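Commentary on secondary and tertiary structure
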Amino acid sequence: MLNINIICIGKLKEKYLRDASAEYSKRLTAFCKLNIIELDEYSLPDNPSDAQIKQGLEKEGKAILDKIQKDAFVYAMCIEGKQRSSPALSKEIQDIALNGNSNITFIIGGSFGLSDEVKKRANMKLSMSEMTFPHQLARIMLLEQIYRAFQISSGGKYHK
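Now for a quick tour of the structure. (Residues numbered from 1 in each chain as written. Predicted model: local features only at pLDDT ≥ 70, side-chain atom pairs only at ≥ 80, totals over all residues. Heavy atoms only, no water.)

Quick notes on helix α2 (residues 50-67)
Here is the rule: Strands are runs of DSSP state E lasting at least two residues, helices are runs of H or I lasting at least four, and both sets are numbered from the N terminus onward. Given a helix with a known number of residues, its expected span is that number minus one, times 1.5 Å. A 1.4 Å probe rolled over the protein chains alone gives each residue an accessible area, and that area as a share of the maximum for its type sets the label: buried under 20%, exposed over 50%, partly exposed in between. Relevant arc is that of directions from the helix axis to the C-beta atoms, nothing else.
Taking 1.5 Å per residue as the helical rise, α2 with its 18 residues ought to reach 26 Å, and the 26 Å between its terminal C-alpha atoms agrees with that figure. Residues Ile53, Gly56, Leu57, Glu60, Gly61 and Ile64 constitute the buried set of α2. Taken around the axis of α2, the buried residues stretch over an arc of 135°, which confines them to a single face. α2 presents Ala51, Lys54, Lys62 and Asp66 as exposed residues on the side facing more than 90 degrees away from its buried surface.

Below, the structure written as structure tokens:
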């Protein structure tokens, strides 16, 4: 069975987001082993300097890199990544699995994104949109797209 890891900075604060995450996590059990790893967000002052932001990204990046399995295919979720249609993402996930990799990791950074080191480790940079979304909502959107990808590849009726 395929292992899907989502490494994310921060916890889901609102109940409706936790409920949505739980629902998609439950649905995904039919297709994969899902593991969501929540890491602490580096605490920054209200108006951080560029140096403080860089330091925070580096600390978060080290924590992220420590959680990535050595053999994992890694997607870094970032604005400069490539956008995919749902069918294209579905095919990509299938192809990764068919090429013998049973570990796929998606990484969602905090408010200021991801460190350069994390982006360098990624096999693919993926963007959901040119629009900006809160990183907590991005997690739900990613879970939904992973579920949709499995539904597409299994011929399910979910994707229309």
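Remarks on the sheet that holds strand β5 (residues 124-126)
Worth spelling out the cut-off: Here a strand pair is declared whenever DSSP counts at least two bridges between the two strands. Only the stretch in contact is used when fitting a helix axis, every axis being a line fitted to C-alpha atoms; angles between N-to-C directions are given from 0 to 180 degrees. Should any heavy atoms of two residues lie within 4.5 Å, those residues are considered in contact.
Read from one edge to the other, the open sheet built from five strands follows the order β2-β1-β4-β3-β5, with strand pairing classed as parallel. Unpaired on one side and paired on the other, β2 (32-39) and β5 mark the two borders of the sheet. Averaged over all neighbouring strand pairs, the angle between strand axes comes to 30°, with direction disregarded. The sheet contact formed by strand β1 (residues 2-9) and β2 spans eight bridges and is parallel. Looking at β2, one finds that Asn5 is bridged to Asn35. Contacting β1, β3 (73-82), β4 (103-108) and β5, helix α3 (residues 86-98) runs over the sheet at an angle of about 150° to β3.

Interpretation note: all reported values are geometric properties and have no functional meaning in isolation.
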